[in-house]
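So the chains spell out like this:
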Amino acid sequence: MTAAQDFLTASSLHKAFDGAQAVDGVSFTIRQGEIFGLLGPNGAGKTTTIRMLSTVLQADAGDVTIGGFSVGRQGDEVRRLIGVCPQELALYPELSASDNMIFFGRMAGLSGREAKAAARQNLETVGLADRAKDKVDKFSGGMKRRVNIAIALMNRPRMLFLDEPTVGIDPQSRNHIFETVESLRDGGMTVLYTTHYMEEADRLCDRIGIMDHGRLISLGAPRELKARIGDPDQVTLESVFLDLTGRSLRD
Amino acid sequence: MPTVLHQALLIAAKDTRIFFKDRFAVGFSFLFPFLFVIGFTLALSGQGPDDSPLTITVSSQEETEAGETLMAGMIAESPLTIRQLDYDEALAQVESGDLDGFVSFPVGFTQALTEGRPATLEVVTGGGSAESAAALRSFADHVAGELAAVQNTYSALSLLGEAGQADLDAIDWSAALGSRDYAIRFEVETVGEVGPFNASNFTLPGYLTMFVFFAAAMSAEAIARERQTNTLERLMSNGTRREAIVLGKFIGASYRGVAQLAVMWTVGIVAFDIDLGASPAAVIVISALMVLASSAFGLLLASLVSSVRAAATAGVLASLTLAPLGGCWWPLFITPQWMQSLAKITPHGWANTGFNKLMLFGAEFGDVTQEMAALLLFGVAFLAFALWRFRLTAS
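The following refers to the structure shown. Here the structure is a predicted model, which is why all the values come from computation and not from measurement. (Residues numbered from 1 in each chain as written. Chains lettered and ligands numbered in written order. Predicted model: local features only at pLDDT ≥ 70, side-chain atom pairs only at ≥ 80, totals over all residues. Heavy atoms only, no water.)

Here's the deal with the overall build of chain A
Line of reasoning, step 1. Secondary structure summary: chain A contains 9 helices and 10 strands in total.
Line of reasoning, step 2. The 251 residues of chain A split such that 54% are buried.
Line of reasoning, step 3. Put simply, 66% of the contacts in chain A that link residues at least 6 apart link residues at least 24 apart.
Line of reasoning, step 4. Working note: accessible area of chain A is about 10,700 Å², and carbon and sulfur atoms make up 45% of it. (Helix = DSSP H or I, 4+ residues; strand = E, 2+ residues; numbered from the N terminus. Buried < 20%, exposed > 50% of the residue type's maximum accessible area, 1.4 Å probe, protein only. Contact = heavy atoms within 4.5 Å. Areas by Shrake-Rupley, 256 points an atom, 1.4 Å probe, with all protein chains shown as cover.)

Laid out in structure tokens, this is it:
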């Protein structure tokens, strides 16, 4: 792999809240077209890192480039390249799936016609084309999660941030989301994916970074990480995770 | 990327759409105020000036021609409405509470009068209105005074030997009672057609002001909820400017306020027959400025609270405190001076003062420029604070 294939480069990111260091010197790269998993216990600094990468939060120190643009200095250019699916269901339950998507598409700069076309296409992608006109309020948890992802695709991003996109949904919906993410990757999209489900990361991610106490403590392909503590065919990613982050409760 | 204004208008349109999908919010903003307006208009109707004449009930127990002449004279010449009732019937009505009281001329009253002896005039009152009892006593005093004057004249003439034996029937009682003015005169001047007092002229603007601010305060809760669900942060990551979000929320709240104005004034004029006064344009300008101030007030509240629950509590508390303080529940001009002064710290107070001046006291456009300036100042100050402190995330 060459540096030219790196789509995202994070260098020595720092962020503190009220004196507590949430992110402490995190550096990593994400290659174009790969699914990069960011794992870590609660409070490890994953969401803060994503918020800095996606231009919402300004880093205290360090820099990030995405697609060759600096997040700190070229925020508008970066925002055109990225789509963000937050952990929360950041949508309007009173509106239909289609109206939600058209609204966010238009806010991103699409014309009315472009937004409608993109909404149709993305609802197709997440398997909700037949429910386009239904109010999101009436959807199941899994369907809402899929709309949440579809909204992030409205501006045709080259990189997608998915922050725990499968929390609280049934296996069928989760599997559908896996297939969607894989098809996006196959289409050339770069994905940063955070999750607490180790089997999910093992299945989807090309490489994984494990964070704890605001630091990146391990980085590599799932098989490489497993090989560090034993036979990669016998060891689970969960064992690696617990080995690295410890077994004490964090909440 | 779209301009800030374009983004703001998209946000406002989306918020307006969501608002009109919420039946409770629509009912609360558009129908609920009318329940208050109807209730308080009914409660306050019948208050105010009433030019119907005072009615005095009298009863004569005399069956002489002189007594009848005296009664006929009073009825014919009095500026008051005199109603004659049989003594027993009048007494029964007082006892049953149907009549506050009456003045009675006992048997032998005119006889005693003409013979120069003391005559007794009886005032019978029940336990009802103190005002009615006072009116009856005043009337009886007046009659007694008038008749005493006639009696004195008659006695004087008798002493001079010019009249000889009095012929009671020869005395012109009606002239005696009617030829002189009453000690207290009521002059009622009616210019044009004076209709009954319309309480809606102050209840409707008051509740309009209250509910426009109430609805705006509710928007603070919606903003807090958006913070919680991260839609505002998502918009930011989507390229939306912070100023566009604040402006969009402001414009959206203003759309709803204008819709409230349109509905309430239209229904007010059509159904409640309210009078916008000499300058309807000034009423519209005050209304529009009040909406701008209320929309900015909603943003101010949203900037001060950190959770949905806090926003809901702050919205209700602020609305229910500022409304009475600002004269939404009763006209400020009937309150003590200190309350009128206190009202000036609220935008509600300035709006209601402006509406009252225009709709009750015939003020022209130029008479309410101070109220307009105050509302504008409130709006600008609230909006400036919101722009400074508005947060997009809950944390």
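Some thoughts on the sheet that holds strand β4 (residues 61-66) of chain A
Residue and element names in this part refer to chain A.
Line of reasoning, step 1. Read across the sheet, 4 strands follow the order β2-β1-β4-β5 without closing on themselves; strand pairing throughout is antiparallel. If you trace the sheet from one side to the other, it starts and ends with β2 (20-31) and β5 (69-70), each paired once.
Line of reasoning, step 2. In this structure, β4 lies alongside β5, joined through 2 bridges in antiparallel fashion. Considered in β5, the bridge of Thr65 is made with Ser70.
Line of reasoning, step 3. Lying on the sheet, helix α1 (residues 46-53) is in contact with β1 (6-17), β2 and β4; it crosses β1 at an angle near 120°. (Pairing = 2+ DSSP bridges. Axes fitted to C-alpha atoms, helices over the stretch in contact; angles between N-to-C directions.)

A look at the layout of surface pockets
Line of reasoning, step 1. Taken as a whole, the largest pocket encloses approximately 850 Å³ of empty space.
Line of reasoning, step 2. Glu94(A), Ile18(B), Asp22(B), Ala222(B) and Arg225(B) are the residues nearest the centre of the largest pocket, which is lined by 37 residues in total.
Line of reasoning, step 3. Breaking the lining of the largest pocket down by element, the ones donating at least two residues are α1 (4-21), α2 (23-44), α8 (200-229), α10 (242-271), α11 (280-304) and α12 (308-325) of chain B.
Line of reasoning, step 4. Ranked by the residues each element gives to the lining of the largest pocket, the list is headed by α8(B), at 11 residues.
Line of reasoning, step 5. Split by residue class, the lining of the largest pocket holds 19 nonpolar, 6 polar and 12 charged. (1 Å grid on protein atoms, 1.4 Å probe; cavity = no way out; pocket = protein on both sides within 12 Å on 5 of 7 lines; lining within 4 Å. Points joined across faces, edges and corners; volume = space filled by probe spheres on them. Nonpolar A, V, L, I, M, F, W, Y, C, P; charged D, E, K, R; others polar.)

Comments concerning the sheet that holds strand β8 (residues 190-194) of chain A
Residues and elements named next belong to chain A.
Line of reasoning, step 1. Taking strand neighbours across the sheet as the criterion, the 6 strands line up as β6-β7-β8-β3-β9-β10 in an open arrangement whose pairing is mixed. Where the open sheet ends on each side, the last strands, each with one partner, are β6 (82-85) and β10 (215-220). Each adjacent strand pair in this sheet contributes to an overall mean axis angle of 15°, direction not counted.
Line of reasoning, step 2. As paired strands, strand β7 (residues 159-163) and β8 are joined by 5 bridges and run parallel to one another. Bridging across to β8, Asp163 finds its partner in Thr194.
Line of reasoning, step 3. In the packing of helix α5 (residues 141-152) onto the sheet, the strands contacted are β6 and β7, and the crossing angle to β6 comes to about 160°.
Line of reasoning, step 4. Against the sheet, helix α6 (residues 171-186) touches β3 (35-39), β7 and β8, its axis set at about 150° to β8.

Topic: empty space enclosed by the protein
Line of reasoning, step 1. Evaluated as defined, the whole model comprises 3 cavities of 30 Å³ or more.
Line of reasoning, step 2. The volume enclosed by the largest cavity comes to roughly 90 Å³.
Line of reasoning, step 3. Lining the largest cavity we find Ile82(A), Gly83(A), Val84(A), Phe104(A), Ile151(A), Ala152(A), Met154(A), Asn155(A), Arg234(B), Ser237(B) and Asn238(B).
Line of reasoning, step 4. Residue assignment for the lining of the largest cavity shows that the elements contributing at least two residues are β6 and α5 of chain A together with α9 (231-237) of chain B.
Line of reasoning, step 5. At 3 residues, β6(A) tops the list of elements feeding residues into the lining of the largest cavity.
Line of reasoning, step 6. Of the voids in this model, the second largest cavity is the one considered here, and its volume is about 60 Å³.
Line of reasoning, step 7. Considering the residues around the second largest cavity, the lining is formed by Phe202(B), Thr203(B), Pro205(B), Gly206(B), Tyr207(B), Gly327(B), Cys328(B), Trp329(B), Trp330(B), Pro331(B), Asn352(B) and Asn356(B).
Line of reasoning, step 8. If you list the elements that add at least two residues to the lining of the second largest cavity, you get α8 and α14 (347-360) of chain B.
Line of reasoning, step 9. The greatest single-element share of the lining of the second largest cavity, amounting to 5 residues, is contributed by α8(B).
Line of reasoning, step 10. Here the lining of the second largest cavity is composed, by residue class, of 7 nonpolar, 5 polar and no charged.

Topic: α14(B)
Residues and elements named next belong to chain B.
Line of reasoning, step 1. Helix length check: α14 (14 residues) gives 19 Å between terminal C-alpha atoms against 20 Å at 1.5 Å per residue, within 8%.
Line of reasoning, step 2. Across the 14 residues that make up α14, a large majority, 11, are buried.
Line of reasoning, step 3. What α14 keeps buried is the set Pro347, His348, Gly349, Trp350, Ala351, Asn352, Gly354, Phe355, Asn356, Leu358 and Met359.
Line of reasoning, step 4. The secondary structure elements touched by the buried residues of α14 are α8, α10, α11, α12, α13 (337-343) and α15 (369-389).
Line of reasoning, step 5. Of the residues one or two after α14, Gly362 is the one with positive phi, at around 70°. (Expected span 1.5 Å × (residues − 1).)

Side note on the nonpolar core
Line of reasoning, step 1. Formed by 87 residues in total, the largest nonpolar core has its most connected members in Leu235(B), Trp265(B), Met290(B), Phe297(B) and Phe390(B).
Line of reasoning, step 2. For this core, the element with the highest residue contribution is α11(B), accounting for 13 residues.
Line of reasoning, step 3. Excluding its chain neighbours within four sequence positions, the residues that come into contact with Phe297(B) are Phe213(B), Ala217(B), Ala318(B), Leu322(B) and Phe382(B).
Line of reasoning, step 4. One finds Ile35(A), Ile177(A), Ile210(A) and Phe241(A) within the second-largest nonpolar core, a separate group that totals 27 residues. (Core = buried A, V, L, I, M, F, W, Y, C linked by side-chain atoms within 4.5 Å.)

Side note on a positive patch on the surface
Line of reasoning, step 1. A cluster of basic residues, Lys135(A), Lys138(A), Lys21(B) and Arg23(B), forms a positive patch on the protein surface.
Line of reasoning, step 2. Residue position: Lys138(A) is located in the loop between α4 (112-125) and α5. (Patch = residues over 30% accessible without salt bridge, like charges linked within 9 Å, V, L, I, M, F, W, Y side chains within 5 Å. Salt bridge = Lys/Arg side-chain N within 4 Å of Asp/Glu carboxyl O. Lys, Arg positive; Asp, Glu negative; His and termini not counted. Charge placed at Lys NZ, Arg CZ, Asp CG, Glu CD.)

Remarks on the packing of helix α3 (residues 97-107) of chain A against α4(A)
Residues and elements named next belong to chain A.
Line of reasoning, step 1. In the contact formed by α3 and α4, the axes pass within 8 Å of each other and the chain directions differ by 130°. It follows from the interaxial angle that α3 and α4 lie oblique. Once α3 is placed against α4, the crossing between them reads as right-handed. Residues Ala97, Ser98, Met101, Ile102, Gly105 and Arg106 of α3 pack against Gly112, Ala115, Lys116, Ala119, Asn122 and Leu123 of α4.
Line of reasoning, step 2. A per-class count over the contact of α3 with α4 returns 6 nonpolar, 4 polar and 2 charged. (Parallel < 35°, antiparallel > 145°, perpendicular 65-115°, else oblique. Left-handed = near helix turned anticlockwise from the far one by under 90°.)

The values are spatial; any link to function lies outside them.
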